[in-house]
Amino acid sequence: METHIGSVDGAAAAADNGAVGCPASAVGCPMTSARPAPVSAGEASLGRHLARRLVQVGVSDVFAVPGDFNLTLLDHLIAEPGLRLVGCCNELNAGYAADGYARARGVGACAVTFTVGGLSVLNAIAGAYSENLPVICIAGGPNSNDYGTNRILHHTIGLPDFSQELRCFQTVTCHQAVVTNLEDAHEQIDTAIATALRESKPVYLSISCNLPGLPHPTFSRDPVPFFLAPRLSNKMGLEAAVEATVEFLNKAVKPVLVGGPKLRVAKAGKAFVDLVDASGYAYAVMPSAKGLVPETHPHFIGTYWGAVSTAFCAEIVESADAYLFAGPIFNDYSSVGYSFLLKKDKAIIVQPERVIVGNGPAFGCVMMKEFLYELAKRVNKNTTAYENYKRIFVPEGQPLESEPNEPLRVNVLFKHVQKMLNSDSAVIAETGDSWFNCQKLKLPEGCGYEFQMQYGSIGWSVGALLGYAQGAKDKRVIACIGDGSFQVTAQDVSTMIRCAQNSIIFLINNGGYTIEVEIHDGPYNVIKNWNYTGLVDAIHNGEGKCWTSKVKCEEELTEAIGMALGEKKDCLCFIEVIAHKDDTSKELLEWGSRVSAANSRPPNPQ
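Basis of the calculations
Residues numbered from 1 in each chain as written. Predicted model: local features only at pLDDT ≥ 70, side-chain atom pairs only at ≥ 80, totals over all residues. Heavy atoms only, no water. Domains from an automatic or database assignment. Buried area = accessible area lost by both parts, 1.4 Å probe. Pairing = 2+ DSSP bridges. Helix = DSSP H or I, 4+ residues; strand = E, 2+ residues; numbered from the N terminus. Axes fitted to C-alpha atoms, helices over the stretch in contact; angles between N-to-C directions. Contact = heavy atoms within 4.5 Å. Salt bridge = Lys/Arg side-chain N within 4 Å of Asp/Glu carboxyl O. Buried < 20%, exposed > 50% of the residue type's maximum accessible area, 1.4 Å probe, protein only. Parallel < 35°, antiparallel > 145°, perpendicular 65-115°, else oblique. Left-handed = near helix turned anticlockwise from the far one by under 90°. Nonpolar A, V, L, I, M, F, W, Y, C, P; charged D, E, K, R; others polar. Phe/Tyr/Trp six-rings, centres within 6.5 Å; stacked < 30°, edge-to-face > 60°.

Re the domain arrangement of the chain
Partitioning the chain into domains gives domain 1 (46-219), domain 2 (235-392) and domain 3 (410-592). Taking only C-alpha atoms, the centre of domain 1 and the centre of domain 3 are 30 Å apart. Of the roughly 1900 Å² buried between domain 1 and domain 3, counting both surfaces, carbon and sulfur atoms make up 54%. Among the residues of domain 1 in contact with domain 3, Asn93, Tyr96 and Arg103 are the three that bury the most area, contributing 29% of the side total.

Re the sheet that holds strand β10 (residues 323-326)
Spatial ordering of the open sheet is given by β9-β8-β7-β10-β11-β12-β13, a layout of seven strands whose pairing is mixed. Both outer strands of the open sheet, β9 (300-303) and β13 (362-364), are each paired with one neighbouring strand and no more. Ignoring strand direction, the axes of neighbouring strands in this sheet form an average angle of 15 degrees. Pairing analysis gives four bridges linking β10 to strand β11 (residues 347-351), with the strands arranged parallel. Counted as the bridge partner of Leu324 is Ile348 from β11. In the packing of helix α7 (residues 235-250) onto the sheet, contacts are made with β10, β11, β12 (354-357) and β13, and the angle to β12 comes to roughly 35 degrees. Set on the sheet, helix α9 (residues 269-279) makes contact with β7 (256-259), β8 (282-285) and β10; between it and β7 the angle comes to about 165 degrees.

Digging into the pattern of salt bridges
Counted under the stated rule, the structure contains 18 salt bridges. The closest approach of N and O atoms between Lys550 and Glu576, which form a salt bridge, is 2.8 Å. Of this pair, Lys550 sits in strand β18 (residues 546-551) while Glu576 sits in strand β19 (residues 572-578), and the two are 26 residues apart along the sequence. The class for Lys550 is partly exposed, based on a relative accessible area of 34%.

Examining the pairing of β12
Of the two faces of β12, only the one carrying Val355 and Val357 is buried; Arg354 and Ile356 on the other face are not. Sheet topology note: the β11/β12 ladder contains four bridges and is antiparallel. Bridge pairing links Val350 to Val355 in β12. Pairing geometry for β12 and β13, over three bridges, is antiparallel. Looking at β13, one finds that Val355 is bridged to Phe363. The turn linking β12 back onto β13 is made up of four residues, and Gly358 within it adopts a positive phi angle of 60 degrees.

Focus: the packing of helix α3 (residues 91-105) against helix α15 (residues 460-471)
In the contact formed by α3 and α15, the axes pass within 6 Å of each other and the chain directions differ by 45 degrees. Classified by the interaxial angle, the pair formed by α3 and α15 is oblique. When the axes of α3 and α15 are compared, the crossing they make is right-handed. In contact with Asn93, Tyr96, Ala97, Asp99, Gly100, Tyr101, Arg103, Ala104 and Arg105 of α3, α15 contributes Trp460, Gly463, Ala464, Leu466, Gly467, Tyr468, Gln470 and Gly471. The residue inventory of the contact of α3 with α15, partitioned by class, reads eight nonpolar, six polar and three charged.

Focus on the packing of aromatic side chains
Here the structure, examined in full by the defined rule, presents 23 aromatic pairs. Here Tyr304 and Phe340 contribute two aromatic rings whose centre-to-centre distance is 4.8 Å and whose plane-to-plane angle is 35 degrees, an arrangement assigned as tilted. Within this pair, whereas Tyr304 is found in the loop between β9 and α10 (313-318), its partner Phe340 is found in the loop between β10 and β11, the two being separated by 36 residues in sequence. A relative accessible area of 0% means that Tyr304 is categorised as buried. What links up through ring pairs into an aromatic cluster is the set Trp305, Tyr333, Trp435, Phe436, Tyr449 and Phe451.

Here we look at the pairing of β8
Residues Ala282 and Ala284 line one face of β8 and the alternating positions Tyr283 and Val285 line the opposite face, and both faces are buried. Pairing geometry for β7 and β8, over four bridges, is parallel. Each bridged residue has a counterpart across the sheet, and for Gly259 the counterpart in β8 is Val285. In this structure, β8 lies alongside β9, joined through two bridges in parallel fashion. Within the sheet, the bridge partner assigned to Tyr283 lies in β9 and is Phe300.

Now the structure itself:
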């Protein structure tokens with residue numbers, strides 16, 4: 001697997017020197033994508049220091065919306081040769097783009113103005129927090145002289161209290177810093193960035209608008225090397241956890257492994273695969289972990305998602321007498337309305353820093369990556385569960401052949417999407433039925449995959465596609481987006497065109513919020529239909545490379561895909577797919593009914 005910062009095992013290259021992060025000058029340092037240019041003493045300002053720090057940790061693009069409080073700061077970000085400022089249409093999309101960029105590169109950043117910008121980006125930052133993504137949210141703040149003066153400023157709610165934005169961010173970031181003086185700025189900036197990387201969560205950094213251009217001795221010509229000390233396991237705890245787990249697994253008859261989304265946080269994807277190789281166990285992934293471990297391994301059995309798992313996967317997992325979950329998140333969505341058929345006494349739960357074996361004991365200060373590597377050395381080989389899977393597995397059937405000019409079915413669309421995938425592609429799945437259709441895609445080795453399951457914010461995928469494609473320029477990204485979601489964040493297709501991206505967007509036009517329909521229907525789930533290709537053509541406006549197509553049958557879809565992969569391969573390709581409003585996956589029907597049942601449980605009697 002790749003070992004740059006954007007991969008699941010982004011810090012693997014640092015293991016030899018004992019650092020998770022290291023200075024840009026270090027040989028083989030995984031924390032940098034470009035070495036910052038030398039800075040003269042006159043340029044050693046707060047703004048340039050922040051810009052160089054971003055480059056050092058792997059940020060080459062900052063997604064921004066200008067406002068009067070951040071304009072000077074943006075000047076200094078632009079002046080950094082290793083940094084590109086990507087102007088977005090609104091702050092929400094800038095935050096979503098930083099989220100997508102962090103998925104591709106391991107860390108992302110966005111820059112907004114005070115309060116009106118900060119509160120607009122807040123929803124995207126909350127999503128990044130829920131998905132454990134290190135996003136550095138930079139806000140241009142009021143002039144440092146205005147703090148404590150009892151003055152009322154614009155962009156506020158009309159009170160002489162400038163802390164509203166900060167207080168809003170406190171619950172959706174792991175660290176907050178308000179920089180109002182030069183003496184502490186160096187430490188505040190470095191601490192915020194280090195905390196984002198260490199915790200794999202967003203941080204909030206407010207910088208007074210009159211400070212970015214000012215020099216200070218701490219912003220030296222050669223910046224103090226950026227070093228992030230690694231987290232190490234307690235050796236006695238690690239040994240005890242491995243011993244208890246080995247005893248638990250080796251007495252099991254048909255144990256299985258399940259990868260969870262926090263494999264990304266722990267950078268433990270390779271360690272998980274090593275454990276699969278050593279143990280011979282069958283392994284699955286939770287839906288939000290799709291793409292974090294290879295699906296081409298012979299012992300991969302699919303997505304474990306309770307009642308809506310891929311074929312025969314749930315039967316193998318839930319009938320096992322021991323299951324090890326590495327980095328799981330169990331919520332009502334991932335458990336399909338709390339309907340998992342799992343038993344706690346059969347489960348080993350491995351979180352990034354903690355291991356729980358059955359009903360106990362629990363071992364703290366045990367790092368997942370170290371634990372999985374050590375476990376692989378001692379666990380007995382056992383292929384029973386995988387052999388059972390091979391015995392019962394029957395491949396899913398292909399969609400029925402389409403009649404000439406028959407209205408296009410969604411399962412036919414995804415049959416063609418499957419054929420498009422290779423190691424140079426990636427998939428972005430929007431909240432909705434695309435969750436379920438994309439889960440059934442079989443990812444080739446190296447094919448990326450992202451969706452936002454924990455937060456599930458509709459519209460996320462437009463900004464995330466912008467950011468992911470900007471961070472993974474070696475990938476042709478394919479996004480599957482519903483019409484309802486697209487209406488929330490459509491504007492930043494324009495930014496994709498400005499950035500000369502060549503992603504392929506399948507806009508699935510079925511006239512409403514289909515996922516909501518299957519949970520609880522009502523007139524509010526029907527939306528105004530747009531001429532989506534006409535809208536994108538208007539956004540394109542003859543500037544840059546963009547191509548659109550509207551398809552209603554398989555013949556038209558085949559022709560459009562051929563154009564997107566051939567003659568228009570260097571263009572942003574937008575393909576509007578007309579689908580029937582009731583054309584959904586069987587998994588969504590099952591999932592929706594179970595989530596609906598969970599949502600509508602009556603109050604417990606008091």
